[in-house]
Amino acid sequence: MGMSENARTSLANEPLALGALDGRYRSAVAPLVDYLSEAALNRDRVHVEIEWLIHLTDHSVLPGTSPLSDEQKTALRKIVTDFNADSVKELAEIEAVTVHDVKAVEYYIANRLEGIGIAQLKPLVHFGCTSEDINNLSYAVGIKGGIENVWLPAARDLVAQLTKMAEESREVPMLSRTHGQPATPTTLGKELAVLAWRLTRQLQRIAKTEFLGKINGATGTYAAHYASVPSADWQQVSKSFVEHLGLTWNPLTTQIESHDWQAELYADIARFNRILHNLCTDIWSYISIGYFVQIPVAGATGSSTMPHKVNPIRFENAEANLEISNGVLDTLAATLVTSRWQRDLTDSSSQRNIGTGVGHSLLAISNVAKGLDRLDVAETVLAEDLDHNWEVLAEAIQMVMRAEAIAGVQGMDNPYERLKDLTRGHRVDAARLKEFVGELGLSAEAEQRLQALTPGTYNGIAAQLVDHLK
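Residues numbered from 1 in each chain as written. Predicted model: local features only at pLDDT ≥ 70, side-chain atom pairs only at ≥ 80, totals over all residues. Heavy atoms only, no water.

### Considering empty space enclosed by the protein
Keep this limit in mind: Cavities and pockets are defined on a 1 Å grid built over the protein atoms alone: a cavity is a set of grid points where a 1.4 Å probe fits but cannot escape, while a pocket is an open set with protein on both sides within 12 Å along at least five of seven lines, and lining residues are those with an atom within 4 Å of any such point. Grid points are joined across faces, edges and corners, and a volume is the space filled by probe spheres set on the points. Runs of E in the DSSP output that reach at least two residues are strands. Runs of H or I that reach at least four are helices, and both are numbered from the N terminus. Any residue outside Ala, Val, Leu, Ile, Met, Phe, Trp, Tyr, Cys, Pro, Asp, Glu, Lys and Arg is labelled polar, Gly included; the first ten of those are nonpolar and the last four are charged.
Going through the model one piece at a time under the given rule, you end up with one cavity of 30 Å³ or more. Roughly 50 Å³ of internal volume is contained in the largest cavity. Trp 390, Leu 393, Ile 397, Leu 433, Lys 434, Val 437, Leu 450, Gln 451 and Leu 453 together form the lining of the largest cavity. Listing elements by their share of the lining of the largest cavity, those giving two or more residues are α17 (430–438) and α18 (444–451). A total of three residues in the lining of the largest cavity trace back to one element, the largest contributor, which is α17. Residue composition of the lining of the largest cavity, by class: seven nonpolar, one polar and one charged.

Okay, structure coming up:
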């Protein structure tokens, strides 16, 4: 019988996490809190509002204003650098009255101007701004910081780790498995290099992201700006301010910045995630056939009932988190590009989940890195697998026969069909294959080349291809 509501202690009012990122996995994603949390968004709103006030006064945009002193600017910026948990609480108390988060930020700043000796500038806080002027810039600053300072370094470290593994195993022969069946051999390093190369391309795209921003009023027309101060070059004021924040200026918007850059970024991260998911499934499969041995963690339990097991849990955990991340990122990319007419509020709710989408990706990266760090290459197993599949040399033999036929050597007819009859559905050992080659009537040089070939040496320039990662 289930526990009744009255028979258990309620946890609803305890300071406990609802989601896994803020609970079980907090340590892995904690650095993102400084950029993509609700608290960070509010701190960035304060930052944008204060920098806008300083920008307007620095350039004397409004008649009657002049640049602030260095001490006053320092005191204003200290409101941002001192932002902490108490600030979050105070903002919440103000918002409980305003029922508007950005208006609460405006009041939060205005309340501190008298202490700096510039109470007369209260009307300049949030001057000419719609809430989205502050929000779009705050989100862009936070996302830029989170990606450039947290997500990208972690992703790059992972690719560097994978690249090192590819270099170390570049010469290790490995049986390929196209469609899950034995196929032309490769090297383990080359296969890891393919994944590293794919991930690197996505990181290069993400590193080139343009983080756009705008500050142009209620419907993007500068109407209030020119109504109040018609003498100012408001487009230049807007452009210089957005660029001052380290962002790219978007000159043409509705009430909102259109979020297209966000959709592009999330699509690129999601593609990185999908390639990383492919790495997880490949490594998991290689572990399952013994190509990799997992190094046990002292004291860790692999299975609650089977003591011998060392499960590939890091890769399985990563798969799940990559899928959750992409579920969020794909939704954001699809929805943020649409806003009804000049503005609707769907983006406001959607963007509150950016940290969740990026956080699950960061968690997956952490797990893959830990998983790769606990792997040893089982070279003996790889060599034995190759030695049990001599039939993969059929491709080489029939191609040599084709080349011999072109060179005028007689008796090289139907090479594919002859090799198919020999190998398809059959296990062929070294002795039988060498015997077959000796019966073909090849030129001496070609026969010698094929007789020297083994599954372990039939991998072309696989090892050399790893150099492309450099």
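### Some thoughts on the packing of α17 against α18
Selection criterion: The convention used is that axes are lines fitted to C-alpha atoms, helices contributing only their stretch in contact, and that angles between N-to-C directions extend from 0 to 180 degrees. Any angle that is under 35 degrees is reported as roughly parallel, and any over 145 degrees as roughly antiparallel; angles of 65 to 115 degrees are reported as roughly perpendicular and all others as oblique. Residue contacts are defined here by distance: any two heavy atoms, one from each residue, within 4.5 Å place the two residues in contact.
Contact geometry for α17 and α18: axes closest at 10 Å, N-to-C directions at 175°. Judged by the inter-axis angle, α17 sits roughly antiparallel to α18. Along the contact surface, α17 presents Lys 434, Val 437 and Gly 438, while α18 presents Glu 447, Leu 450 and Gln 451. Taken together, the residues that form the contact of α17 with α18 break down as two nonpolar, two polar and two charged.

### Regarding the layout of surface pockets
Going by this rule: Residue ranges assigned to each domain were obtained from an automatic or database domain assignment.
Each pocket or cavity is described by its volume, and for the largest pocket that value is around 470 Å³. Forming the walls of the largest pocket are 27 residues, and the residues nearest its centre are Leu 36, Ser 37, Arg 352, Gly 355 and Thr 356. Sorting the residues of the lining of the largest pocket by element identifies α1 (26–36), α2 (38–58), α6 (131–168) and α13 (354–373) as the ones contributing at least two each. Among the elements that make up the lining of the largest pocket, the one with the highest residue count is α1 (six residues). Residue classes in the lining of the largest pocket are distributed as 13 nonpolar, nine polar and five charged. A domain-level breakdown of the lining of the largest pocket finds at least three residues from each of domain 1 (26–128) and domain 2 (132–231 + 252–298 + 306–383).

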